[in-house]
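Understanding the architecture of this molecule
Take a look at the letters that make up each chain.
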Amino acid sequence: MKTIKRLGLLFVFLLGLVLVTACGNNSSKSSSKSSDTKTTKEFKGQTMNVVATSDAYQPLFDKFSKQTGAKVKVLSMSSGEVLARMKADKSKPMADLWFGGGLDAFMQAKTDHQLEKYQSNSIDKISTKYRDKDGYWLSKGLTVGGFVVNKKVLKEKGLPVPKTWDDLAKSEYKGEIIMSDPSVSGTMYAIVKGIIDKKGEKAGWDYWNKVNDNITFYGKRGKDPQEKTASGEFGIGVIPVDKMAFDAAKKDDLKVIYPSDGIPWVPEGVAVFKNAPGKKVAEAFIDFMLEPRNMKELAKLDGKDTDQIIMPGIKGLDLGLNKKDLIKENLSNFGSDRTSILNKWSDMVGDK
Amino acid sequence: MFLEVKNLTKKYSSKTVLHSLSFGVDQNKILVVLGPSGCGKSTLLSCLNGFITVDEGAVLLDGKDITKLAPEERDITTVFQSYSLFPHMNVMQNLMYGLKFKKMSRNDARKKTLKMLHLLQMDEFANTKIQDLSGGQQQRIALGRSLIVEPKLLLLDEPFSNLDEKLRLTMRHELRQIQKELNMTMVFVTHDQQEAFSIGDQILVMDQGQIQQIDTGQGLYSTPKNHFVLKFIGDSNLLDNGDYIRPEDIVITDDPNGDGVIEQMDFQGSTINYLINYNKHVFHVTCLNRMEPLRVGTRVDVQYKVSKLEER
Amino acid sequence: MGKNHLGSKITNWFVYIVISLSILLFIFYPYLSIFVQALHEPGETFNNFFMQNIDLTKNSLFVAIITMVLSVFLAVSVTLCFVFISKKWQSILRVFLLITMVSPPFVTSLAYITLFGRRGMITHDLLQMTIDPYGPQGIILMQTLSFASLNALVLIGLLKQLEPSLINSARSLGARTDAVIKDIILPLLKPGLIVVALISFIRSLADFQTPTIIGGSFKMLASEGYFAVISMGDIHKAALINLTLAIPALIGFFLYIKYDREMSVQHHGLSSNMKAFPLPKKGFFFVGSVILSVIFYLALLLQYGSIVMNAFSVKVMGNYRFSLQPIIDSQIYLNDTITRTILYSLVAGLLGSLISFLIIYYSKVRNDRFMKFIEMVGTFPYILPGTFFGLGYLYAFSKPPLIMTGTSIIVIINVIFKQVAFATKAAKASVSQIEPTYFKTVHDLGGTVVNEWKDVFFPMTKQGFAITFLNGFISTMTTIGSIIFLVHPGQNMMTLVMFDVVQRGEYQVAAVIACMIILICLVMSGIVFGLISLSGKDWGYVFRSKKSH
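Overview of the structure. The structure displayed is predicted, hence computed values, not measured ones. (Residues numbered from 1 in each chain as written. Chains lettered and ligands numbered in written order. Predicted model: local features only at pLDDT ≥ 70, side-chain atom pairs only at ≥ 80, totals over all residues. Heavy atoms only, no water.)

Some details on the sheet that holds strand β8 (residues 185-190) of chain B
Residues and elements named next belong to chain B. Strands sit in the order β6-β7-β8-β3-β9-β10 across an open sheet of six strands; the sheet is mixed. Each edge of the open sheet is held by one strand with a lone partner, namely β6 (76-79) and β10 (210-215). On average, each strand axis in the sheet is inclined to that of its neighbour by 20°, with strand direction left out of account. Where β6 lies against strand β7 (residues 153-157), four bridges are found, and the strand directions are parallel. Bridge pairing in β7 places Thr78 opposite Leu155. With respect to the sheet, helix α4 (residues 135-147) is in contact with β6 and β7, its orientation differing from that of β6 by roughly 175°. On top of the sheet, helix α5 (residues 165-182) reaches β3 (30-34), β7 and β8; it is set at about 160° to β8, its chief contact. (Pairing = 2+ DSSP bridges. Helix = DSSP H or I, 4+ residues; strand = E, 2+ residues; numbered from the N terminus. Axes fitted to C-alpha atoms, helices over the stretch in contact; angles between N-to-C directions. Contact = heavy atoms within 4.5 Å.)

This is the structure we're talking about:
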């Protein structure tokens with residue numbers, strides 16, 4: 001009998017361990033300090049689950065926690081993965097808030113009825129161009145495309161520093177350019193789509209055909225071009241231009257370039273998931289984010305100087321981007337054309 | 001001397017396990033190294049076959065100093081207690097293995113192996129897997145594998161200890177026969193004195209890393225050199241003055257007026273062992289089973305022969 | 001007394017049923033779901049997919065076969081080196097190999113690119129060549145390096161079990177070092193060689209990380225399966241790809257079972273207290289194995305040196321400077337992840353080992369045929385790619401009858417059951433050390449099944465249990481594939497964070513996390529081995545009594 005008791009105890013102990021582990025996060029760090037008088041909403045004891053493109057937003061979430069008492073749990077995940085997970089697991093929303101990621105995924109999710117509609121009181125601050133007309137998503141900033149150059153490598157090969165997208169199509173750069181697979185990197189997709197929008201269907205694809213001839217292989221990760229240019233494996237990398245790119249350039253003695261013949265861009269989305277248990281908290285967070293001082297903080301965390309474009313009047317960083325250089329893009333088919341563009345792209349590049 | 005060991009000393013860190021041993025073995029003779037477990041006999045063997053290095057002293061084989069040679073360079077083979085047959089080879093391959101390293105054609109090696117199989121009386125097992133052999137058969141192959149390379153010296157490390165009683169007797173007999181036939185010099189390690197008596201031309205009794213006595217079996221029994229040998233070899237009744245009486249040297253006869261009383265009777269088959277109380281001492285007595293066993297409590301007349309220990 | 005027996009019987013049946021059901025539910029059912037998804041859901045048919053993407057399969061098999069051959073070859077060299085070196089060096093090198101089991105592929109690849117890349121320090125700066133490292137050659141090299149450690153550890157373990165007198169017999173018959181290795185050691189290691197070869201083959205097939213970093217334009221099944229999910233959200237395609245992967249993996253597996261059995265039956269001989277090593281440092285194998293081992297250890301040193309360097313430095317204008325910045329930077333990525341990862345690993349190690357030992361109790365001690373089947377089902381997560389297992393969970397537990405996705409429990413269950421495969425193997429080895437008569441003795445003296453566990457089974461295997469636990473702990477600390485699709489916010493694990501920051505290019509942070517994982521694993525190994533050696537004295541006799549037979 002004693003043995004059974006002991007085994008039982010062991011079992012209970014292990015079960016307890018499981019439970020503690022499973023719920024540990026809820027109790028571990030309760031943010032009870034936030035008896036702020038300024039708080040407009042009180043979410044003490046509640047949790048907001050977030051899927052974000054980066055862990056870098058933590059300070060903003062911390063600030064939100066402090067103000068509202070809600071605990072924020074973040075998991076960083078690419079937008080493609082978010083879509084895939086939602087498709088496979090329809091039993092539950094992925095999280096409460098979807099923070100960042102290419103707009104095409106948000107458009108897709110809206111079509112698939114996986115988003116919750118929310119119109120913040122301060123939504124008017126964002127220009128209509130950068131939010132869904134039905135109120136399913138809004139953008140928190142733009143990601144813009146450009147390239148980074150390894151001066152040493154180009155010098156060794158006796159090549160001039162490219163200044164424009166058209167330069168990349170020149171045959172002298174053959175084997176010296178790297179970019180990521182647009183099916184993996186949302187920014188690359190935006191660049192491909194942006195240039196097609198700018199040059200028109202036929203000229204656009206002609207252009208990409210020529211660039212393709214210069215490229216040995218496509219990176220399988222968004223960061224490949226940045227890194228492989230830094231290590232000198234390639235002379236030119238096509239990248240999303242943000243503060244990280246400038247920082248990295250400083251680290252590795254590279255040069256970041258805004259092409260003078262137009263800058264492709266893609267809005268970064270924010271949305272609430274359908275049937276999210278923490279819907280109210282997520283909505284409160286959107287309100288919170290839209291407060292100018294928080295938007296400024298976000299701009300800093302994002303390392304982008306594009307937030308002011310989204311919300312006029314906000315002073316973020318100044319990375320030297322000129323608003324006039326942005327390519328005129330057609331956002332309406334940004335999501336719907338993705339599959340066809342990527343298919344055509346993959347036919348063009350073959351096995352690279 | 002064919003094998004000569006001079007002042008052999010082996011230490012492990014600070015502990016000396018072999019104390020300056022010196023002895024020799026004549027050609028075509030078997031020396032049995034006998035001693036309780038932990039006496040250093042396995043270490044001695046490893047010094048001879050080269051698996052451990054010697055700290056001091058020398059080992060000479062056929063006049064050649066082999067002290068520093070690696071095991072594979074010595075003209076010595078060893079039959080290990082665990083048979084150590086290669087499990088991935090069959091009987092034939094096991095037997096032939098050592099011949100690979102002798103400059104010998106494959107055909108000759110084969111012939112020689114078949115001859116060895118015949119000698120071992122295992123002709124029909126040439127292609128049998130090792131795992132399919134019985135313990136005794138494995139032992140034979142292990143012996144044959146070491147013999148086939150015609151070493152100058154064959155070492156055997158308690159080779160029969162894993163066999164049952166009957167098989168052990170047969171194997172002793174066979175070993176002697178093969179040794180005679182092949183004119184082999186051997187060093188045979190065991191803790192079993194019956195085995196030592198029946199196999200050894202000479203027996204080296206060892207204890208605590210020291211040689212206690214080297215002699216023939218009979219010599220050891222009849223003239224033990226010291227207390228250890230006396231107590232280790234056979235049974236004896238020690239007297240207070242240091243003399244001793246072997247149990248078979250006591251003759252008891254049924255006598256109601258005798259001075260002895262039977263305290264215990266132990267029937268052994270061919271012999272009967274008694275414990276008798278005589279002059280307030282207890283004595284072991286061994287009698288041949290030639291008469292009705294004496295019952296416990298019977299008074300007996302006691303006759304005996306005292307031996308003296310020839311302590312040096 | 002009677003009551004006692006009744007309670008024991010109930011416990012027995014309860015445990016038996018719980019274990020069988022849990023294996024069926026948490027291993028069999030997820031695989032079944034994903035197979036059904038791949039074959040029956042609308043979309044491309046398997047045949048169609050397979051025929052059109054035959055090149056992917058060819059590429060994967062090509063890389064897997066070459067990696068298998070090379071990594072086994074390297075592991076053999078490293079193992080053979082052990083027959084020449086002293087005990088002290090052996091244990092140092094073993095710890096080193098143990099550390100390199102935690103092998104984040106990005107480190108290897110990064111060091112490789114720095115040295116042998118198109119502008120690599122050796123190829124470009126030193127030899128004035130421009131070589132393209134991207135492609136199958138890069139993948140093969142990286143995988144070979146990182147698989148060789150585990151292979152070598154398995155083989156070294158086997159080497160230590162070789163009966164010394166076999167080697168001594170060969171030497172006494174005149175075999176020199178080369179002959180001993182060629183005729184005795186290598187043939188006796190053969191079943192082990194085949195087992196590690198198959199492990200490498202399966203690992204290479206399932207590895208989706210290395211190709212994404214160093215593969216260039218070379219496409220393989222595992223990485224395409226991963227991309228199918230993360231870039232296209234195409235679970236159906238991922239399922240098809242994984243199904244394709246499963247075919248060679250399953251073939252490999254059945255070979256594996258066959259040779260694994262051989263590996264365990266081989267050690268039936270008698271053993272002695274003799275020492276066989278070190279062998280004389282002579283001959284072809286000595287020179288060859290030492291040269292290859294030195295190169296191998298240098299490569300490992302370089303890799304792990306670069307991790308440590310990355311963790312403690314920042315780059316300014318292309319130069320490295322010492323800094324604690326990476327450690328500070330890593331804080332926002334980690335939060336409570338460290339505690340959670342350790343806790344999950346502890347739970348997985350404990351429960352995984354407990355379940356595995358109980359399975360082995362039924363399948364081996366009791367010779368229960370159904371449990372043998374359960375044991376085989378338990379090996380699946382070991383052979384099939386981790387992502388496949390994860391996708392299976394995502395599929396199976398997101399719909400009735402059992403909806404668990406989004407909970408922490410599903411992640412924990414996943415890591416527990418994922419390691420049953422390896423743990424049952426270790427358990428089997430450990431249990432085979434116990435004389436069956438002990439169990440009979442318990443019943444003979446009036447004990448029950450529960451007494452068997454309490455008085456014989458667990459006490460006598462506690463050393464094996466500790467090792468199995470450690471294995472489970474380490475493998476959970478380093479697992480990625482099976483949980484990458486399962487974690488929700490607030491459930492992240494250290495390896496996933498590391499994988500994520502690597503994708504993001506934050507190598508410094510990744511290096512910090514890698515160092516932490518290594519450190520945690522080392523500390524845990526220290527604790528476990530410390531406990532074993534503390535209680536070691538009491539256990540000597542169990543093994544001795546076995547030996548003296």
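So that's the structure; there's more coming.
So, a nonpolar patch on the surface
All names here are of chain C. Taken together, the side chains of Phe28, Leu32, Val36, Phe254, Phe370, Phe373 and Met376 define a hydrophobic patch exposed on the protein surface, amounting to about 590 Å² of accessible area. By the element assignment, Met376 lies in helix α16 (residues 369-383). We classify Met376 as partly exposed; its relative accessible area is 30%. (Patch = residues over 30% accessible without salt bridge, like charges linked within 9 Å, V, L, I, M, F, W, Y side chains within 5 Å. Areas by Shrake-Rupley, 256 points an atom, 1.4 Å probe, with all protein chains shown as cover. Salt bridge = Lys/Arg side-chain N within 4 Å of Asp/Glu carboxyl O. Buried < 20%, exposed > 50% of the residue type's maximum accessible area, 1.4 Å probe, protein only.)

A look at the arrangement of the chains
For the two pairs of chains in contact, the largest share of contacts goes to chains A and C. Separated without contact, chain A and chain B have their nearest C-alpha atoms at a distance of 41 Å.

Concerning the pattern of salt bridges
This model, assessed by the stated rule, comprises 31 salt bridges over all chains. Ionic pairing is found between Asp132(A) and Lys110(A), a salt bridge with its closest N-O pair at 3.2 Å. Here Asp132(A) is found in the loop between β4 (115-116) and β5 (138-149), whereas its partner Lys110(A) is found in helix α4 (residues 103-111), with 22 residues between them in sequence. Between Lys11(B) and Glu56(B) there is a salt bridge, with the nearest N and O atoms lying 3.9 Å from each other. Taken as a pair, Lys11(B) in strand β1 (residues 3-12) and Glu56(B) in strand β4 (residues 56-61) lie far apart in primary sequence, 45 residues in all. On the accessibility criterion, Lys11(B) (35% relative accessible area) is partly exposed. Through salt bridges with shared partners, a single network forms among Arg168(B), Arg172(B), Asp192(B) and Glu195(B).

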